[in-house]
Amino acid sequence: AAAVLCPVRTPLAHRGGTLRELCGFLRGLAAGPETHFGFQTVTEAERREKIYQVFESVAKKYDVMNDSMTLGIHRIWKDIFVRKMNPSPGTLLLDVAGGTGDIAFRFLNYVRSVRERQLQWKLRQQQNLSWQEISETYQEDKVKSLGDSRVVVCDINKEMLKVGKQKAQHLGYSEGLSWVLGDAEELPFDDAKFDVYTIAFGIRNVTRIDLALREAYRVLKPGGRFLCLEFSHINNPLLSRLYDLYSFQVIPVLGEIIAGDWKSYQYLVESIRRFPPQEELKAMIEDAGFFKVDYQNLNAGIVAIHSGFKL
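In this text the structure is predicted, and so the values were computed from the model without any measurement.

1. Topic: the nonpolar core
Core analysis: the biggest nonpolar cluster contains 31 residues, and Trp77, Val151, Leu177, Leu229, Phe231 and Val303 have the highest contact counts within it. The contact partners of Val151, leaving out residues within four places of it in the chain, are Leu93, Asp95, Ala104, Phe107, Leu108, Gly176, Leu177 and Ser178.

Laid out in structure tokens, this is it:
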């Protein structure tokens, strides 16, 4: 369309500089607003396509690479994240960009553990029950081990969801778990549906963070909680330099050796550096309408957990 508006052969051709600038401007409008893909400047449409390709490429080696890049520490970060959530039986969770199921599986384990403790406490309070009554009560409550809790895993990438479903089947997760293909910027869910919204290591790959945050607010019930786990910014200058050295010199090499994909992991490192620092992301979450927004740095700010409530 821009090319039609800017024909090359026109009486204004001698004003080449001005005409070229106008054509460039109109082509830019046709392609969409500019943003970044790592350290590259691209259009929003190009960024979405490139990020989709990154995760399609790394999906099968995603978990192995996470262990390799973080020396397994990502598992501890995710455990802390779910403990901070502290879900109770009956919680309806939406886990966005959670294709491989790491948060979903932890959520289910946590709720089952809470239910088990509740059942043990209940039985201890009923000392006058017969053995048969205790057994029947235990078996009855065991069937409802999640107490109506449910987690919906939503991811835009089919390959990531495929890997997550395979893991769930292998690990024996089926109850209280569903998988939905969807975009964080335009979630396929009704308003005020979920008790908790989580996004772990996914929000920096969203093209319009403001839209994703607004969608998170929309789908949460009043009183619902937003939780985000993401790589962030280190305040210690010495540690920051060491972290940069490891990130740029080691992680892409690991990506090439383990996943056969240098470029995707080069992008992932660059995307962390382009991501808003803690205070800036906090302000964005508040702008989306959330209250009581705060964050917790882990490992000196290598990652941070942001939390907010829909009141």
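2. Side note on the sheet that holds strand S5 (residues 177-181)
Spatially, the 7 strands line up as an open sheet ordered S5-S4-S3-S6-S7-S9-S8, and their pairing is mixed. In the strand order of this sheet, the two ends are held by S5 and strand S8 (291-298), each with one partner. Strand-to-strand, the axes of this sheet are offset by a mean angle of 15°, without reference to chain direction. Contacts from helix H8 (residues 158-171) reach strand S4 (150-155) and S5 within the one sheet, and its direction differs from that of S5 by about 165°. Contacts from helix H9 (residues 209-219) reach strand S3 (92-96), strand S6 (194-200) and strand S7 (220-231), with the element oriented near 145° to S7.

3. Let's talk about the packing of aromatic side chains
The full count for this structure, using the stated rule, is 8 aromatic pairs. Between Phe189 and Phe194, the ring centres sit 5.2 Å apart and the planes meet at 85°, which makes this aromatic pair edge-to-face. A relative accessible area of 12% means that Phe189 is categorised as buried. For the ring pair Phe201 and Phe231, a centre distance of 4.8 Å and an interplane angle of 40° mean the geometry is tilted. One end of the pair, Phe201, is in the loop between S6 and H9; the other, Phe231, is in strand S7, and 30 residues separate them in sequence. Take Phe231: its relative accessible area is 13%, and that puts it in the buried class. An aromatic cluster of three or more residues is present, and its members are Tyr197, Tyr217, Phe226 and Phe290. Its guanidinium or amino end placed over the ring of Phe194, Lys193 lies 5.9 Å from that ring's centre, counting from NZ or CZ. Sitting over the face of the ring of Phe309, Lys292 holds its NZ or CZ atom 5.8 Å from the ring centroid.

4. Focus on the pattern of salt bridges
Scanning the model with the defined rule gives 13 salt bridges in all. Between Lys167 and Asp102 there is a salt bridge, with the nearest N and O atoms lying 2.8 Å from each other. One end of the pair, Lys167, is in helix H8; the other, Asp102, is in helix H6 (residues 102-124), and 65 residues separate them in sequence. The class of Lys167 is buried, set by a relative accessible area of 18%. Judged by its relative accessible area of 11%, Asp102 is buried. Across the pair Asp210 and Arg208 runs a salt bridge whose closest N-O atoms are separated by 2.8 Å. A relative accessible area of 27% means that Asp210 is categorised as partly exposed. A relative accessible area of 28% means that Arg208 is categorised as partly exposed. Among the charged side chains, a salt-bridge network with shared partners connects Asp63, Lys78, Asp102 and Lys167.

5. Points about the confidence of the model for the protein
Of the residues in the protein, 77% reach a pLDDT of 70 or more, and the chain-wide mean stands at 83. The low-confidence segment residues 1-16, where pLDDT is below 50, has 9 contacts with residues more than four positions distant or belonging to other chains. Predicted confidence for residues 20-31 stays below pLDDT 50, and this span has 7 contacts to residues more than four positions away or in other chains.

6. A short note on the side chain of Asn157
Counting through the fold element by element, Asn157 comes out in the loop between S4 and H8. Relative accessible area serves as the criterion here: at 1%, Asn157 is assigned to the buried category. Within the structure, Asn157 has its side chain in polar contact with the backbone nitrogen of Glu159 (distance 2.9 Å).

Here is what the cut-offs are and how they apply
- Residues numbered from 1 in each chain as written.
- Predicted model: local features only at pLDDT ≥ 70, side-chain atom pairs only at ≥ 80, totals over all residues.
- Heavy atoms only, no water.
- Core = buried A, V, L, I, M, F, W, Y, C linked by side-chain atoms within 4.5 Å.
- Buried < 20%, exposed > 50% of the residue type's maximum accessible area, 1.4 Å probe, protein only.
- Contact = heavy atoms within 4.5 Å.
- Pairing = 2+ DSSP bridges.
- Helix = DSSP H or I, 4+ residues; strand = E, 2+ residues; numbered from the N terminus.
- Axes fitted to C-alpha atoms, helices over the stretch in contact; angles between N-to-C directions.
- Phe/Tyr/Trp six-rings, centres within 6.5 Å; stacked < 30°, edge-to-face > 60°.
- Lys NZ or Arg CZ within 6 Å of the ring centre and 35° of its normal.
- Salt bridge = Lys/Arg side-chain N within 4 Å of Asp/Glu carboxyl O.
- pLDDT = per-residue confidence, 0-100.
- Polar contact = N/O pair within 3.5 Å; in protein donor to acceptor, adjacent residues only side chain to side chain.

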